[in-house]
Amino acid sequence: MNQKNHDAKRSARERLHAQRAKDQARARRSRQAIVAGSVVAALAIAGGIGIWASMSGGGGNSTDNESARPRQASGGDKPAIPVGALDAPSTLTVWEDFRCPACRQFETGFRPVLHELEDSGHLKTEYHLVTIIDGNTGGRGSRRAANAALCAQDAGRFREYHDVLYAHQPPEQQDKFADNQHLLQLAEKVKGLPSAAFTKCVNDGRYDGFVEKSDTAFAGSGFQGTPTVLLNGKDLSKEKGGRFTAADLKKTVLAANKGKQPGKPQTPPQPSQTPRTSQTPKTSRPASQPATGTSQQPQPGASPS
């Protein structure tokens, strides 16, 4: 009898523990939804920068490609992809996740100004890709999308593919970016990107180690969420009460660059002359429909989940 009672009590404790874990997960998702809603509203009204308040927890398994580095990427403890003139007088540092809704809001609102400043040699943007959503909600879409974007960097098409991924970011709970075939299909929207080399890079997860290293750096950075955006080292989510707009970014960059020589923008490789029809690429031809994009660092005051 004593053993039976003991087993029954232990079983009850285990059920209670499991239920508490479910309740905590539900509460966490609820807090995230509230933060996301307030971020979208703030961005819509003020055009400012907000934060998707999530703690990084996505560090996955080590890979066989730990030392692989994309073309022109920086290494070290905080690997990044540079966009724009490498010698631009101002630098924008962006930590983001391709599955992050707030990152998509940032990219959508700031993209025209970013492109203008990058193309004119005034700004270099350094992208650090992380996998917060994979860690918080499960899945592999953050990692696989990041790897695919790094593969696009090898072809000189990072910025274009990066923008396509955010424009087709799926809802956060739908891990559509985990499907390499879907990522390959989205690549067909970028002129000059589809190729056998790109397909192999995506399917092999060539830069999974690079992504994991970046995610580890973010986890130890002290930043509270994505996107985190720094201009010349200054956290823009803390400027103007978190209502720092794209117009403010342009004004601040030009003021900081006054009297300085603009950099020389990078010239991407010329796209292939082969028409983007059913002929390219022949291998791993995707058949599914595209998904949707990602966002950037929202408003200060958002609390981590």
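Quick caveat, the model's predicted, so the values are computed rather than measured. (Residues numbered from 1 in each chain as written. Predicted model: local features only at pLDDT ≥ 70, side-chain atom pairs only at ≥ 80, totals over all residues. Heavy atoms only, no water.)

### Overview of helix 4 (residues 141-154)
Threshold: Each helix corresponds to a stretch of at least 4 residues labelled H or I by DSSP, and each strand to a stretch of at least 2 residues labelled E; elements are numbered beginning at the N terminus. One less than the residue count of a helix, multiplied by 1.5 Å, gives the span that helix is expected to have. Each residue is placed in one exposure class: buried if its accessible area under a 1.4 Å probe, protein chains only, is under 20% of its type's maximum, exposed if it is over 50%, and partly exposed if it falls in between.
Here helix 4 spans 20 Å end to end across 14 residues, near enough to the 20 Å set by a 1.5 Å rise per residue. Within helix 4, 12 of the 14 residues are buried, leaving the element largely enclosed by the surrounding structure. Buried within helix 4 we find Gly141, Ser142, Arg143, Ala145, Ala146, Asn147, Ala148, Ala149, Leu150, Cys151, Ala152 and Gln153. Looking one or two residues past helix 4, glycine 156 carries a phi angle of roughly 75°, positive in sign.

### Digging into the packing of aromatic side chains
Aromatic ring pairs: the centre-centre distance and the angle between the two ring planes describe each pair. Threshold: By convention, a stacked pair of Phe, Tyr or Trp rings (six-membered ring in the case of Trp) has centres within 6.5 Å and planes under 30 degrees apart, an edge-to-face pair has planes over 60 apart, and any other such pair is tilted.
Inspection of the entire model under this criterion finds seven aromatic pairs. When the ring of tryptophan 95 is compared with that of phenylalanine 223, the centres are 6.1 Å apart and the planes differ by 50°; the resulting orientation is tilted. Here tryptophan 95, found in strand 2 (residues 90-96), pairs with phenylalanine 223, found in the loop between helix 8 (208-219) and strand 4 (228-231); they are 128 residues apart in sequence, far enough to count as distant. Pairwise contacts between aromatic rings join Trp95, Phe218 and Phe223 into one cluster.

### Regarding the side chain of glutamine 153
The criterion, for reference: The contact definition used throughout considers only heavy atoms, calling two residues in contact when any of these lie within 4.5 Å.
Mapping glutamine 153 onto the fold places it in helix 4. Discounting residues that sit within four places of it in the chain, glutamine 153 has contacts with Pro70, Arg71, Gln72, Ile81 and Phe158.

### Focus on the sheet that holds strand 5 (residues 234-235)
What counts, and what does not: Any two strands with at least two DSSP-identified bridges between them are counted as paired.
Reading across from one edge, 1-3-2-4-5 is the order of the five strands in this open sheet, with mixed pairing throughout. This sheet does not close on itself; its edge strands, each paired only once, are strand 1 (81-84) and strand 5. Bridge count between strand 4 and strand 5: two bridges; the pairing is antiparallel. By the bridge assignment for strand 5, leucine 230 is matched with aspartate 235.

### A closer look at the pairing of strand 2
We count it as follows: Handedness of a crossover is defined as follows: orient the strands so they point away from the viewer, and if the path from the first strand over the helix to the second runs clockwise, the crossover is right-handed.
For strand 2, the tally of buried residues reaches seven of seven residues, placing the bulk of the element in the interior. Side chains Ser90, Leu92, Val94 and Glu96 project from strand 2 onto one buried face, and the interleaved Thr91, Thr93 and Trp95 project onto a second face that is buried too. Sheet topology note: the strand 2/strand 3 (residues 123-129) ladder contains seven bridges and is parallel. Counterpart to threonine 93 in the pairing with strand 3 is glutamate 126. Crossover strand 2 to strand 3 through helix 2 (residues 101-119) is right-handed. Alignment of strand 2 against strand 4, held across four bridges, turns out to be antiparallel. Directly across from tryptophan 95, in strand 4, lies its bridge partner threonine 228.

### Observations regarding helix 5 (residues 158-167)
Burial analysis of helix 5 places seven of its 10 residues in the buried class, the great majority of the element. Listing the buried residues of helix 5 in full gives Phe158, Tyr161, His162, Asp163, Val164, Leu165 and Tyr166.

### A look at the packing of helix 6 (residues 180-187) against helix 7 (residues 196-204)
Keep this limit in mind: Here the axes come from fitting lines to C-alpha atoms, over the contacting stretch only for helices, and the angles between their N-to-C directions go from 0 to 180 degrees. Geometric relationships in this document are graded by angle, where less than 35 degrees denotes roughly parallel, more than 145 denotes roughly antiparallel, 65 to 115 denotes roughly perpendicular, and other angles denote oblique. Crossing handedness: left-handed means the near helix sits turned counterclockwise from the far one by under a right angle, and right-handed means the same turn made clockwise. Gly counts as polar in this scheme, as do all residues outside two lists: the nonpolar Ala, Val, Leu, Ile, Met, Phe, Trp, Tyr, Cys and Pro, and the charged Asp, Glu, Lys and Arg.
Helix 7 packs onto helix 6 with a crossing angle of 150° between their chain directions and a minimal axis gap of 10 Å. If you check the angle between helix 6 and helix 7, you find them roughly antiparallel. Between helix 6 and helix 7 lies a crossing of right-handed hand. Here Asn180, Gln181, Leu184 and Ala187 of helix 6 lie close against helix 7, whose contacting residues are Phe198, Thr199, Val202 and Asn203. Here the contact of helix 6 with helix 7 is composed, by residue class, of four nonpolar, four polar and no charged.

### A closer look at the state of the cysteines
Formally: What counts as a disulfide here is a pair of cysteine sulfur atoms lying within 2.5 Å.
For the structure on display, the rule yields one disulfide. The disulfide partner of cysteine 151 is cysteine 201, and the S-S distance across this bridge is 2.1 Å. Disulfide cysteine 151-cysteine 201: the torsion about the S-S bond is -80°, which places it as left-handed. With cysteine 151 in helix 4 and cysteine 201 in helix 7, this pair connects stretches of sequence that are 50 residues apart. Grouping residues by exposure puts cysteine 151 and cysteine 201 together as buried.

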